[in-house]
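A structural walkthrough
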Amino acid sequence: FFQKDNIAHTKSPLGHRFCELVRKVWNPRNFKPQVSPHELLQAVLAASNKRFQIKKQGDPMEFLLWFLNTLHQDLGGTRKPGSSIIYQVFQGEMQVITETPVKGEGPSLSSKTSEEWTTSTTTVPFLALPLDVPASPLFKDEIEKNIIPQVPIYTLLSKYDGQTVHNIITGERKRYNITRLPSYLIMHVKRFTKNNFFLEKNPTIVNFPVRGLDMKDYSSQDVVAPGGSTRYDLISSTKHEGPPGSGVYSAYVQNKGTDQWFEVQDLVVKDVIPQLIAVSEAYIMIY
C-alpha cells in the first residue's frame, strides 16, 4: 500500500502525502534524525475543508474516523467489506439483536413474556469499537470527591458478549456480539457527552492490558482475527487530561524494535513505562 506503484492509481493528495511520510519514517537510508509531517498536515487541511487545523486542537477520535474513511473513499473503497486496504485492516463486524415490544393493549412491558417481543438481527460494520463508561455518581461526599473511579476494560467489553441485554429508551432491548475481528482493533472510550449547554467528561480510569487482550468471550464462536488469534497487544493509546473542552491530548506509542514506550505531546517526547499507560485517562486504544 505504501509503495509508489501501489497508490499510483489514485489522485488523492491525502493518500500520496500520507504514504510519502510513512516511507520517509521507515527509510533506512534517511540521514536525518526526524521527518516533517508538514505536507501531510497541509493535505489534511485541504481535504477536510479546514475542519482539522494545525493550530487548533480537535477531537482525535473525530479526526481518526474522518482520516480512515477519507482514505478508504479516495482509494476507491465502497460499503462492501474489504473493498480497500483500510477496511481490510481496520474494519470489524458485530451482530445486533433487537427485541421490540409488540404494541397493543394488555399488560405493561415489564410483565410481557418473550413471545410478546419481535426479534430482528442485523450486521453492523465498525472501524472503532465504542466502550461505554459507567456514569459517575451525581452526589459525592468529601471522600468520594478525591477518588477517581476505575473500571476494568473487560467490564465494558461485556456489552459484546451476546448475552448482556441493554434496555433502550424507546422500549427496545438490544444484544451485541462481534462476528468479525479486524487485524488492528481500535477502541474508543466514550468519555465525553454533549448537551445544549456544555460538554461533560467522565474521568473514570479504564484499566486495560498492554499485552494479551483476549476478545474470545466477546466474539461469536470460532471467530478469530486474520492472524489466527483472538489476543491483541497494544501498539498505541491516546489520553485526555484536564477539563472537557480544553485539556491536553497525549499519545503513547511503542518502538517495536526496542519494546520502549514513549509519551508524545506536540513536540515533547519522553520515555514512559507501560504500567502508567494502563491507568491513564485513555480515550483511544489501538491493538
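Overview of the structure.

**Digging into the overall build of the chain**
- Scanning the chain from terminus to terminus reveals 8 helices and 17 strands.
- Excluding contacts between residues fewer than 6 apart, the proportion of contacts in the chain whose partners are at least 24 apart in sequence is 61%.
- By element, 54% of the accessible surface of the chain is carried by carbon and sulfur atoms, the whole surface being about 17,600 Å².
- For the chain, the distance from the average position of its 32 positive side-chain charges to the average position of its 28 negative side-chain charges is 8 Å.

**A look at the nonpolar core**
- Core analysis: the biggest nonpolar cluster contains 35 residues, and Leu 157, Met 187, Met 215 and Met 285 have the highest contact counts within it.
- The element contributing the most residues to this core is helix H7 (residues 153-157), with 3 residues.
- Judged by nonpolar contacts, the second largest core, of 28 residues, contains Ile 7, Leu 14, Leu 68 and Leu 71.

**As for the pattern of salt bridges**
- Under the counting rule described, the total for this entry stands at 11 salt bridges.
- Across the pair Glu 281 and Lys 201 runs a salt bridge, and its minimum N-O distance is 2.8 Å. Residue Glu 281 is located in the loop between helix H8 (274-277) and strand S17 (282-286), and its partner Lys 201 is located in strand S9 (residues 199-201); the two are separated by 80 residues in the primary sequence.
- Glu 281 gets classed as buried once you look at its relative accessible area, which sits at 18%.
- Between Arg 231 and Asp 214 there is a salt bridge; the shortest N-O distance is 3.4 Å. Of the two residues, Arg 231 is situated in strand S12 (residues 231-232) and Asp 214 in strand S11 (residues 213-214); the sequence distance between them amounts to 17 residues.
- Taking the relative accessible area as the measure of exposure, Asp 214 reaches 23% and is therefore partly exposed.
- Salt bridges linked by common partners bring Asp 132, Lys 159 and Lys 190 together as one network.

**Details of the pairing of strand S6 (residues 173-180)**
- As paired strands, strand S1 (residues 92-101) and S6 are joined by 7 bridges and run antiparallel to one another. Following the sheet pairing, Met 94 is matched in S6 by Ile 178.
- Bridge analysis of strand S5 (residues 166-167) against S6 gives 2 bridges, and the strand direction is antiparallel. Its bridge partner being in S6, Asn 167 is matched across the sheet by Arg 173.
- The hairpin turn running from S5 into S6, its antiparallel successor, is 5 residues long, and Gly 171 in that turn takes a positive phi close to 105°.

**Re helix H4 (residues 60-74)**
- Given a rise of 1.5 Å per residue, 15 residues ought to cover 21 Å, and the 21 Å separating the end C-alpha atoms of H4 matches this to within 8%.
- Within the sequence span of H4, burial applies to Pro 60, Met 61, Leu 64, Trp 66, Phe 67, Leu 68, Thr 70, Leu 71 and His 72.
- The residue sitting at the N-terminus of H4 and contributing the capping side-chain oxygen is Asp 59; that oxygen lies 2.8 Å from the backbone nitrogen of Met 61.
- Gly 76 occupies a position one or two residues after H4 and carries a positive phi of about 85°.

**Quick look at the side chain of Lys 159**
- Relative to the elements of secondary structure, Lys 159 occurs in the loop between H7 and S5.
- At 2.9 Å, the side chain of Lys 159 forms a polar contact with the side chain of Asp 132.

**Notes on the environment of Thr 170**
- Of note, Thr 170 is situated in the loop between S5 and S6.
- Look at Thr 170 and you get exposed, because its relative accessible area is 61%.

**Things to note about the sheet that holds strand S13 (residues 236-241)**
- Spatial ordering of the open sheet is given by S3-S7-S17-S13-S14-S15-S16, a layout of 7 strands whose pairing is mixed. Each edge of the sheet is formed by a strand with only one pairing partner; in this case those strands are strand S3 (129-132) and strand S16 (268-272). Averaged over all pairs of adjacent strands, the angle between their axes in this sheet comes to 20°, without regard to strand direction.
- Pairing analysis gives 4 bridges linking S13 to S17, with the strands arranged antiparallel. Bridging across to S17, Ser 236 finds its partner in Ile 286.
- On top of the sheet, H4 reaches strand S7 (186-190), S13, strand S14 (248-255) and S17; it is set at about 30° to S17, its chief contact.

**Things to note about helix H2 (residues 13-25)**
- The terminal C-alpha atoms of H2, which comprises 13 residues, lie 18 Å apart, in line with the 18 Å expected from a rise of 1.5 Å per residue.
- Restricting attention to buried positions, one finds in H2 the residues Leu 14, Gly 15, Phe 18, Cys 19, Leu 21 and Val 22. The arc enclosing the buried residues of H2, seen along the axis, measures out at 160°, which places them on a common side.
- Residues of H2 that are buried make contact with helix H1 (4-7), helix H3 (38-47) and H4.

Definitions and limits used
Residues numbered from 1 in each chain as written. Predicted model: local features only at pLDDT ≥ 70, side-chain atom pairs only at ≥ 80, totals over all residues. Heavy atoms only, no water. Helix = DSSP H or I, 4+ residues; strand = E, 2+ residues; numbered from the N terminus. Contact = heavy atoms within 4.5 Å. Areas by Shrake-Rupley, 256 points an atom, 1.4 Å probe, with all protein chains shown as cover. Lys, Arg positive; Asp, Glu negative; His and termini not counted. Charge placed at Lys NZ, Arg CZ, Asp CG, Glu CD. Core = buried A, V, L, I, M, F, W, Y, C linked by side-chain atoms within 4.5 Å. Buried < 20%, exposed > 50% of the residue type's maximum accessible area, 1.4 Å probe, protein only. Salt bridge = Lys/Arg side-chain N within 4 Å of Asp/Glu carboxyl O. Pairing = 2+ DSSP bridges. Expected span 1.5 Å × (residues − 1). Polar contact = N/O pair within 3.5 Å; in protein donor to acceptor, adjacent residues only side chain to side chain. Axes fitted to C-alpha atoms, helices over the stretch in contact; angles between N-to-C directions. Arc of directions from axis to C-beta.

That's the geometry; what it means functionally is another story.
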